[in-house]
Structures are given as structure tokens and as C-alpha cells.
Amino acid sequence: MLQLPDSPPRMKTLVSVDESYKLCRHLTAKYAKTFYLGTLLMSPAKRQAIWAIYAWCRRTDELVDGPASAITTPETLDLWEQHLEAMFAGHPKENYDVALVDAIQRFNLDIQPFRDMIAGQRMDLHRSRYQTFEELYLYCYRVAGTVGLMSTAVMEVDNTANTAPWHQSKPLYIPTQEAIALGIANQLTNILRDVGEDARRGRIYIPLEDLARFNYTEQDFCNGVVDERWRSLMRFQIERARQFYTEAEKGITHLAPDARWPVWAASMLYGQILDVIERNDYDVFSQRAYVPQWKKLRTLPIAWMRSQVL
Ligand SMILES: CC(C)=CCC/C(C)=C/CC/C(C)=C/CC/C(C)=C/[C@@H]1[C@@H](COP(=O)(O)OP(=O)(O)O)[C@]1(C)CC/C=C(\C)CC/C=C(\C)CCC=C(C)C
Ligand SMILES: [Mn+2]
């Protein structure tokens, strides 16, 4: 269980940078098999930084979603935000933070996406319904689009085109919108995969305006009704998520060459969850869409090909 300590001791002795990266690596490997696989395709410095970011994001999410979430209050998140400010000032408070402080300095990370992520977790404290897609989009930007921004800063953009004389008039393209789009696509996928789990916790992330459009009620949702209305509604949601994957994938070619394969892999692997939902005939209430390991491994060479030619 991940938990924020009530009041950290003043002069706590923390682990070394290497030890801290190891902790972050273990956490990533344990909680995020798909992302972990993607990070193994990166250069050592980049993969370590992504583990540190992952660990911070996961621990932030656990505050509102984990086993001890019942005792999380807005003040808990205020304290978490103070720890964040301290990290960006170079002062880690906990063992996991040591690696993130190192990554912040190495990659000159911006604090704003981290603050926005906390704002997204605050939404989970007091909201369990979204009326429109615009409202859901803001939530998705905060909890996931921000991860795209954090990760892009680590993976770096391709600046080779700008150093070649024949490209000098071409401005450096930073694929910010595409990075956010991949975060949104992943989060929409998460939402569709976790419908059953969220319904049991009284949460509906699918916009209520979409439920109404397909004549499907909140009561149907809470009862886990899978019928033609639900299938049409899910087809619509899946199509929307895929549009974000398509937008995101156009940006991959603008990333540094060594980052393209892991990002193609992460995008394709996460997108396959949508294929499984379709194969399960859209029943996300009683079964969890799961991509088997052998299928994930089979995807890696295809992702590599795309990273070379697209
Ligand atoms: C130009 C271009 C395409 C650049 C690529 C940018 C890029 C790498 C984008 C990826 C963005 C990404 C991995 C987003 C993750 C979204 C996500 C899964 C968010 C989860 C939120 C809350 O959901 P929920 O509570 O419903 O989910 P659980 O059931 O609890 O899982 C999060 C849990 C918020 C916290 C996010 C994470 C823990 C994931 C962080 C992931 C990374 C840092 C890994 C990035 C991976 C690679 C391979 C670069
Ligand atoms: Mn969560």
C-alpha cells in the first residue's frame, strides 16, 4: 500500500539516487506491466527518469484511489503539493522523491504538469459524474495529458532536422498536442476498461450526455446492462478514443529517434485494450479487458518497424 506519511521526520536520512531509482523501477514493474515494457526500450537515462515520474504519478493517484483513500482530504493533497514544490526546489522528502529530484534536474522538467495532475486528483475527491465530454476532457488532461507532457520532456524532441543546413528555415516542432492526445487516449481507454470497477464504486466517467444520446440510463449503468444501446454507446466511445490515438501517433516522428519505438509500443499496446473490449462484445461490467503477454511481445517488432518508417 502506498501512503503519504502524516508528518515526515525533520532530518530523515534518505536513500541514494541509485537506490531511489531502483525503488521507482520496482514500483513501475509491479503496477504497470505495459508501460514498464515500453521503458525497457529506452536509453538508460530516459528510462530511469520515466520510472521516477511513474512512481510519483502512481503515488499521487493512490492518494485518491488506493486502499487508504478514505482518509485523503483536500489538505492531504495540499501537503502533497508542498512536497512537490520542495522537490522542485531540490529537497526530497521521501525515498521515492530522491530519483525524481535527480530527473527534474537532469531533464529540466516543468512543475506545471505535476501541479495539474494533483488538480485532476482533486476532481476525483469530489466528483463522480461528468455531464459533457468537455468536462471529462479537462479531467483526462489533468490526470493523463499531463503525463504526456512530463514524458515528452524526458524523451526529447528530434532536433536533427534543424541542425542540417537545408532545414534551417524549418522551425523545431514540439509535439505538445500529440503528447497530450496520447495521455487522453490512454485515459479514455482506462475508463472504458474499468467501467465495471468504477460502477461498483458509484463512479461514472462516461459523459452523461452520451448515455442520454444512446437512451441508456444511469440505472442501466449501475445494473451493468449490456444490450444494443450499450454496445452502440461503447462503439462511439471507442471511436473517440481511437481518434486521439491517431492524433498522437502523428507526433511520434517529431520525438528523438530513440524515443519513437517505446512510444509506438506504448500507444499500440494500450490501444489493443480497445480491441479486446470489442472481442468481449463490449461487456466491461463482468470481465476485464486483458491483453496477454504473448500478444504484447508480438507487438514490439511491429512498433519498431513503425518507428523506423513512419
Ligand atoms: C508526441 C508523443 C505522442 C509523445 C508521447 C507522450 C507520452 C509518452 C504519452 C503517454 C502518456 C501516458 C502514459 C499517460 C498515462 C495515462 C494514465 C494511464 C493515467 C492514469 C490515471 C488515473 O486513472 P485511473 O485512476 O482511472 O486508473 P487506475 O485504474 O488507477 O490505473 C493515472 C493512474 C494517473 C497516473 C498515471 C500513471 C501512473 C501513468 C504514468 C505513466 C508513465 C510515466 C509512463 C510513460 C510511458 C512511456 C512508455 C513513455
Ligand atoms: Mn487510479
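Looking at an unreviewed UniProt entry, one finds the protein named Phytoene synthase, with Nostoc parmelioides FACHB-3921 as its source organism. A UniProt comment under Pathway (unreviewed entry) is attached to the protein, and it reads "Carotenoid biosynthesis."

(A) Focus on the site of ligand 1. Lining the immediate environment of ligand 1, one finds 33 residues, of which Arg58, Asp61, Asp65, Gln187 and Asn190 sit closest. Side-chain polar atom of Asp65 to an oxygen atom of ligand 1: 2.7 Å apart, as the coordinates give it. Taking Asp194, its side chain carries an N or O atom lying 3.3 Å from an oxygen atom of ligand 1. In the complex, 94% of the free accessible area of ligand 1, which totals 1,000 Å², lies under the protein chains. Residue composition of the shell around ligand 1, grouped by class: 20 nonpolar, 8 polar and 5 charged.

(B) Geometry of the pattern of salt bridges. Under the counting rule described, the total for this entry stands at 29 salt bridges. As a salt-bridge pair, Lys22 and Glu19 come within 3.5 Å of each other at their nearest N and O atoms. Here the residue Lys22 and the residue Glu19 both occupy positions in helix 1 (residues 17–31), the gap between them amounting to 3 residues, near one helical turn. Lys22 sits in the partly exposed class, given a relative accessible area of 46%. A salt bridge links Asp65 to Arg201; the shortest N-O distance between them is 3.3 Å.

(C) Summary view of the state of the cysteines. Inspection of the entire model under this criterion finds 0 disulfides. Among the cysteines around Cys57, which has no disulfide bond, Cys24 carries the closest sulfur, lying 11 Å off. Relative accessible area serves as the criterion here: at 10%, Cys57 is assigned to the buried category. With no disulfide of its own, Cys140 lies 15 Å from the sulfur of Cys57, the closest cysteine sulfur. Under the relative-accessibility criterion, Cys140 is labelled buried at 0%.

(D) Quick peek at the packing of helix 9 (residues 176–193) against helix 13 (residues 228–249). Contact pair helix 9 / helix 13: the axes reach a minimum separation of 7 Å and the direction vectors enclose 155°. With respect to each other, helix 9 and helix 13 are oriented roughly antiparallel. Judged by the twist between their axes, the crossing of helix 9 over helix 13 is left-handed. Contacts from Gln177, Glu178, Ala181, Leu182, Ile184, Ala185, Asn186, Leu188, Thr189 and Leu192 in helix 9 reach Met234, Gln237, Ile238, Arg240, Ala241, Phe244, Tyr245, Glu247 and Ala248 in helix 13. A per-class count over the contact of helix 9 with helix 13 returns 12 nonpolar, 4 polar and 3 charged.

What counts, and where the lines are drawn
Residues numbered from 1 in each chain as written. Chains lettered and ligands numbered in written order. Predicted model: local features only at pLDDT ≥ 70, side-chain atom pairs only at ≥ 80, totals over all residues. Heavy atoms only, no water. UniProt positions renumbered as here; feature names shortened; annotations may be inferred. Near = heavy atom within 4 Å. Polar contact = N/O pair within 3.5 Å; in protein donor to acceptor, adjacent residues only side chain to side chain. Areas by Shrake-Rupley, 256 points an atom, 1.4 Å probe, with all protein chains shown as cover. Nonpolar A, V, L, I, M, F, W, Y, C, P; charged D, E, K, R; others polar. Salt bridge = Lys/Arg side-chain N within 4 Å of Asp/Glu carboxyl O. Helix = DSSP H or I, 4+ residues; strand = E, 2+ residues; numbered from the N terminus. Buried < 20%, exposed > 50% of the residue type's maximum accessible area, 1.4 Å probe, protein only. Disulfide = S-S within 2.5 Å. Axes fitted to C-alpha atoms, helices over the stretch in contact; angles between N-to-C directions. Parallel < 35°, antiparallel > 145°, perpendicular 65-115°, else oblique. Left-handed = near helix turned anticlockwise from the far one by under 90°. Contact = heavy atoms within 4.5 Å.

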